[in-house]
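Letter by letter, the chains look like this.
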Amino acid sequence: MQQHLVISLISDDKPGVVEKLSAAIADNRGNWEDSRMAHLAGKFAGILRVSVPSEACQGLKDALAALADEGFKLQIEEALAVAAGPQQTLRLKLVGNDRPGIVHEIARALAARRINMEQLETGYGSTPWSGEPLFTAECMISVAGDLDLEGLRDELDEIADELGVDIDCEEVPTAV
């Protein structure tokens, strides 16, 4: 039987971080399944999902804990299987002048409708024409088939108007 672990990590950004993490996983019969990792302000941060045979799970947890001696900060959580009904995936794309509160307003609108963000990527740069701070975000969400999509789009349009940003909401085709 397989056990799934969700692991978050942060360490100083240096060569070999992923190699050491992946070696601990492979050496303990783990399978690296999904991950999101990035360099942020001199740190390397990420989250990943690993499957491992149940009898090897504690060995993997011990090997990961040993990485703390090398400067890794890890949080390891056992994942539970969750059955989901029919879902529709949406992609939200936001771009606009940077200001405090943008992520909060989008998160509030989604939480009010009991929608979880599955993925969120944000970026910060400057507009090529004026050099003003530019904020971008892309968010993937899954919604129940009976959600009022037009109501969600209307609320996102209101937030976009209030914040002076552009928000696009598009359906992502489901794989057949």
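Our structure is the block above this text.
Source: prediction; values computed, not measured.

Engineer: A description of the side chain of Q88 should follow, citing residues and the corresponding values.
Structural biologist: Secondary-structure assignment places Q88 in strand β5 (residues 87–97). Residue Q88 is classed as buried on the basis of its relative accessible area, which comes to 19%. Separated by 2.5 Å, the side chains of Q88 and E171 make a polar contact. Excluding residues that lie within four positions of it along the chain, Q88 makes contacts with I141, S142, V143, L149 and E171.

Engineer: Let's hear about the sheet that holds strand β6 (residues 117–126): which residues, and what values?
Structural biologist: Taken in spatial order, the four strands make up an open sheet running β6-β7-β5-β8, and their pairing is antiparallel. Looking at which strands have only one partner, the edges of the open sheet turn out to be β6 and β8 (165–172). Each strand axis lies, on average, 15° off the axis of its neighbour in the sheet, ignoring direction. In the sheet, β6 pairs with strand β7 (residues 133–144) via nine bridges, with the strands oriented antiparallel. Bridged to E121 within β7 is E138. Packed onto the sheet, helix α3 (residues 102–112) meets β5, β6, β7 and β8 and runs at close to 155° relative to β5.

Engineer: Can you lay out the sheet that holds strand β4 (residues 73–78) for me, pointing to particular residues and giving the numbers?
Structural biologist: With antiparallel pairing, the four strands of this open sheet are ordered in space as β2-β3-β1-β4. Where the open sheet ends on each side, the last strands, each with one partner, are β2 (31–40) and β4. Strand-to-strand twist of the sheet, defined as the mean angle between neighbouring strand axes without regard to direction, takes the value 15°. Bridging between strand β1 (residues 2–12) and strand β3 (residues 43–53) involves 11 bridges; their strand directions are antiparallel. By the bridge assignment, H4 is partnered in β3 with S51. Contacts from helix α1 (residues 17–27) reach β1, β2 and β3, with the element oriented near 160° to β2. Along the sheet, helix α2 (residues 57–66) makes contact with β1, β3 and β4, crossing β1 at roughly 0°.

Thresholds applied
- Residues numbered from 1 in each chain as written.
- Predicted model: local features only at pLDDT ≥ 70, side-chain atom pairs only at ≥ 80, totals over all residues.
- Heavy atoms only, no water.
- Helix = DSSP H or I, 4+ residues; strand = E, 2+ residues; numbered from the N terminus.
- Buried < 20%, exposed > 50% of the residue type's maximum accessible area, 1.4 Å probe, protein only.
- Polar contact = N/O pair within 3.5 Å; in protein donor to acceptor, adjacent residues only side chain to side chain.
- Contact = heavy atoms within 4.5 Å.
- Pairing = 2+ DSSP bridges.
- Axes fitted to C-alpha atoms, helices over the stretch in contact; angles between N-to-C directions.

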